[in-house]
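Descriptive structure summary
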Amino acid sequence: MVILYQILDYVSSKLNSTITGNAKRCQPIYRVKCWNGEDTDDNGTLYLAYSEQMPLVHQKNSPFLFVGCLSNKHTDGTFCLCADIQLDELKLMIEDFMNLNTDLAEYQRQLFSLLYFGGEIKTFLLLAGEKLSNPILVLDASYRVISTTPNIDFASNSILTEDYEQLHPEVLKFMHQCHLLETIYSSTKAFIFPVPDSTARWILCPIKIYATSVGFVWVLEQHRRFEEGDLEVVEILAQAISIEMQKDQFFKGKTGLKYESFIADLLENRINSREVLDKRLAQLNRNFHKYFRIMVLYLDDTQINNITQIMQILRDMLSNSMIIYHKDAIVLLFEEKDAYVDPQLQARTREFLKPSRFYGGVSNCFTDLLSTHIYYKQAMALANYAKLARTEENILLFDDVVIPFLFADKSASELESFVCPPIKLLSQYDKKHNTEYLLTLKTYFDNNRSVKESIEALHIHRSTFFYRLGKIEEIINHSLSDGKLLFSMEYSFYILDCINQKNRFNDSGAKTPQKPHNKKIKQQE
């Protein structure tokens with residue numbers, strides 16, 4: 001059995017044609033027949049006829065669909081399809097679609113029966129693998145393998161690490177270059193991805209819990225070519241996995257609650273002596289790295305019921321972190337071996353959080369846990385600034401926005417008063433003489449004062465670059481070898497960026513975002 005609107009939508013899409021009519025679209029259809037001109041009262045049958053067989057229909061020489069109690073004298077309950085196709089061909093197309101949907105319905109029934117009776121993701125994959133006859137992988141948002149079908153030829157694919165537990169770095173790099181991960185997490189359905197410079201194709205489908213992508217299903221076209229209906233098979237599988245992942249035992253916290261009171265006390269400055277801190281650390285029986293950061297993530301109302309799952313994914317992704325839900329936000333204390341954020345880890349975290357409706361801030365690096373509360377406030381302020389400034393990145397690092405953050409409460413006119421006079425002088429000169437001395441100087445700073453990189457970025461000759469620097473010294477009447485002057489001009493460019501950002505925000509007419517609602521969430525074990 002198939003619902004009428006499913007058939008109409010399929011035929012319209014398949015033939016790229018329009019179907020008109022005002023009959024009920026929610027009728028169940030059990031069979032399809034070519035109309036022989038006689039009246040019928042079989043509501044479970046979809047009849048096909050040419051428009052010329054129904055004199056009251058204006059469309060000529062086109063297939064005609066009608067359902068229900070019909071006669072040659074009226075057109076109630078009919079649909080008209082404008083396409084060049086024979087009735088027998090249309091009938092076969094619809095029957096194939098109905099058979100496919102019947103198979104999909106049975107597959108869905110079996111899959112959700114496994115789910116109901118306590119089946120695991122591995123058993124889901126076995127059933128889906130029989131339908132697809134191709135290898136299937138399920139990965140979480142940290143690219144860790146949750147489960148696979150047993151028919152994967154790992155040796156020829158090289159898609160996983162040697163221990164088969166993680167996506168191979170080269171494959172991950174390739175998916176980044178193709179913007180494939182971003183496509184997966186922004187999609188709501190399965191799609192086919194043709195691998196560039198290859199005959200291979202993949203089916204990819206996000207696993208979503210509410211609006212958050214918590215992983216994805218990946219099918220390799222290895223044993224047979226993809227067929228019609230494979231996308232629907234994968235989507236049903238992803239739905240079942242999503243439900244299974246929402247069970248308490250799947251996302252049961254592995255480490256978070258053990259440290260909950262310790263982290264909360266650090267955030268609220270309730271550990272105020274070195275002696276108390278050392279005792280608490282001894283109780284945790286954990287060795288820490290030298291450097292720490294705080295991340296604060298605010299989420300909107302649609303994510304409230306999804307907190308436990310999101311926290312577990314972040315815990316897996318940032319294995320060196322301790323995470324709690326504190327004062328309406330997810331808070332992470334994570335440690336690092338050096339003072340710089342791992343670029344790959346930063347990209348993965350942002351990639352996971354970007355499709356979700358999060359705004360967050362990551363504090364500056366610190367070494368003394370007794371000062372955690374200071375950096376917690378810094379991260380909270382950064383998260384609020386991310387909402388207010390509407391930056392391209394919804395997760396801000398202190399290192400990246402230190403100057404805009406410091407001047408966030410200043411108006412554009414106030415900020416303009418902080419710009420050093422030589423920069424204003426160059427700007428006025430450029431406008432009057434149509435020159436690019438200000439751009440030259442900014443490019444010089446943007447490229448860490450490297451002459452080679454600056455002339456490449458500006459696409460000018462080396463002698464032209466040095467001529468411009470000499471001309472800049474002449475205009476401002478000061479030497480560019482003065483370190484104090486160079487610092488003043490460099491921070492002035494940052495201030496000008498802040499001014500431009502504020503002006504764009506004001507021009508948009510956007511209202512200041514409201515503070516997240518206060519909702520009490522009980523931490524789940």
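Remember, it's a predicted structure, so these values are computed and weren't measured experimentally.

As for the overall build of the chain
- Along its length, the chain carries 19 helices and 17 strands.
- Among the 525 residues that make up the chain, the fraction classed as buried is 48%.
- Long-range contacts, defined here as pairs at least 24 residues apart, represent 61% of the contacts in the chain between residues at least 6 apart.
- Accessible surface, the chain as shown: approximately 27,600 Å² in total, 49% of it carbon and sulfur.

A few points about the side chain of E235
- By secondary structure assignment, the location of E235 is in helix α7 (residues 230–245).
- Buried charge without a partner: E235 forms no salt bridge, and the closest opposite charge is K189, 5.6 Å away.
- Leaving out residues up to four positions away in the same chain, E235 has contacts with K189, A190 and C205.

Quick look at the sheet that holds strand β8 (residues 136–140)
- The antiparallel open sheet is built from 5 strands, whose spatial order is β9-β8-β12-β11-β10. Whereas interior strands pair on both sides, the edge strands pair on one side only; in this sheet they are β9 (145–148) and β10 (191–194). Each adjacent strand pair in this sheet contributes to an overall mean axis angle of 25°, direction not counted.
- The pairing of strand β11 (residues 201–209) with strand β12 (residues 212–220) spans 8 bridges and is classified as antiparallel. When the sheet's bridge partners are listed, L204 is paired in β12 with W218.

Some remarks on the nonpolar core
- With 55 residues, the main nonpolar core has F216, V217, W218 and L237 as its most contacted residues.
- The element that contributes the greatest number of residues to this core is α7, accounting for 8 residues.
- Excluding residues that lie within four positions of it along the chain, F216 makes contacts with L137, V138, L139, Y143, M175, L181, I184, Y185, L204, C205, P206 and I207.
- Listed in part, the 28 residues of the second largest apolar core include V451, L458, F465 and I495.

Section: the pattern of salt bridges
- One pass over the structure, following the stated rule, counts 14 salt bridges.
- A salt bridge links R109 to E106; its shortest N-O distance comes to 2.6 Å. Of the two residues, R109 and E106 both sit in helix α2 (residues 87–116), 3 residues apart, roughly one turn of that helix.
- Residue classification places R109 among the partly exposed residues on the basis of a relative accessible area of 46%.
- Given the relative accessible area of 33%, E106 is considered partly exposed.
- Across the pair R270 and D265 runs a salt bridge whose closest N-O atoms are separated by 2.7 Å.
- One connected set of salt bridges, linked through shared partners, spans R201, E221 and R225.

A look at the packing of helix α17 (residues 451–458) against helix α18 (residues 462–476)
- The contact between α17 and α18 brings their axes to 10 Å, and the two run at 100°. When the interaxial angle is binned, α17 and α18 end up roughly perpendicular. Residues V451, S454, I455 and L458 of α17 lie in contact with α18, whose contacting residues are R462, F465, F466 and R468.
- For the contact of α17 with α18, the class distribution of residues is 5 nonpolar, 1 polar and 2 charged.

Overview of the side chain of D140
- Its place among the elements puts D140 in strand β8.
- Since its relative accessible area comes to 4%, D140 is described here as buried.
- Look past the residues within four positions of D140 in its chain and what remains in contact with it is I146, Y185, V214, G215 and D316.

What about helix α1 (residues 4–15)?
- Taking 1.5 Å of rise per residue, the 12 residues of α1 would be expected to cover 16 Å, and the 17 Å separating its terminal C-alpha atoms lies within 8% of that figure.
- In the stretch just after α1, N16 is the one whose phi turns positive, near 50°.

Some details on the packing of helix α16 (residues 437–446) against α18
- For the pair α16 and α18, the least separation of the axes is 10 Å and the interaxial angle reads 110°. Considered as vectors, α16 and α18 are oriented roughly perpendicular to each other. In this structure, the crossing between α16 and α18 has a hand that is left-handed. Here Y437, T440, L441 and Y444 of α16 lie close against α18, whose contacting residues are F465, Y467, R468, K471, I472 and I475.

Remarks on the confidence of the model for the chain
- Per-residue confidence for the chain averages 79 on the pLDDT scale, and 79% of its residues sit at or above 70.
- Considering only residues more than four positions removed or in separate chains, one finds that residues 67–74, a stretch of pLDDT under 50, has 30 contacts.
- Contacts for the low-pLDDT stretch residues 251–257, under 50 throughout, to residues beyond four places or in other chains number 21 contacts.

What to know about the pairing of strand β15 (residues 330–336)
- Burial of β15 is extensive: 7 of the 7 residues sit out of reach of the surface.
- Alternating positions in β15 separate into two faces, I330, L332, F334 and E336 on one and V331, L333 and E335 on the other, with burial throughout.
- Pairing of strand β13 (residues 291–299) with β15 involves 7 bridges; the strand directions are antiparallel. For R293, the partnering residue across the bridge sits in β15 and is F334.
- Hairpin connection, strand β14 (residues 321–325) to β15: the antiparallel pair is bridged by 4 residues, and K327 has positive phi, about 50°.

Conventions adopted
Residues numbered from 1 in each chain as written. Predicted model: local features only at pLDDT ≥ 70, side-chain atom pairs only at ≥ 80, totals over all residues. Heavy atoms only, no water. Helix = DSSP H or I, 4+ residues; strand = E, 2+ residues; numbered from the N terminus. Buried < 20%, exposed > 50% of the residue type's maximum accessible area, 1.4 Å probe, protein only. Contact = heavy atoms within 4.5 Å. Areas by Shrake-Rupley, 256 points an atom, 1.4 Å probe, with all protein chains shown as cover. Lys, Arg positive; Asp, Glu negative; His and termini not counted. Salt bridge = Lys/Arg side-chain N within 4 Å of Asp/Glu carboxyl O. Pairing = 2+ DSSP bridges. Axes fitted to C-alpha atoms, helices over the stretch in contact; angles between N-to-C directions. Core = buried A, V, L, I, M, F, W, Y, C linked by side-chain atoms within 4.5 Å. Parallel < 35°, antiparallel > 145°, perpendicular 65-115°, else oblique. Nonpolar A, V, L, I, M, F, W, Y, C, P; charged D, E, K, R; others polar. Expected span 1.5 Å × (residues − 1). Left-handed = near helix turned anticlockwise from the far one by under 90°. pLDDT = per-residue confidence, 0-100.

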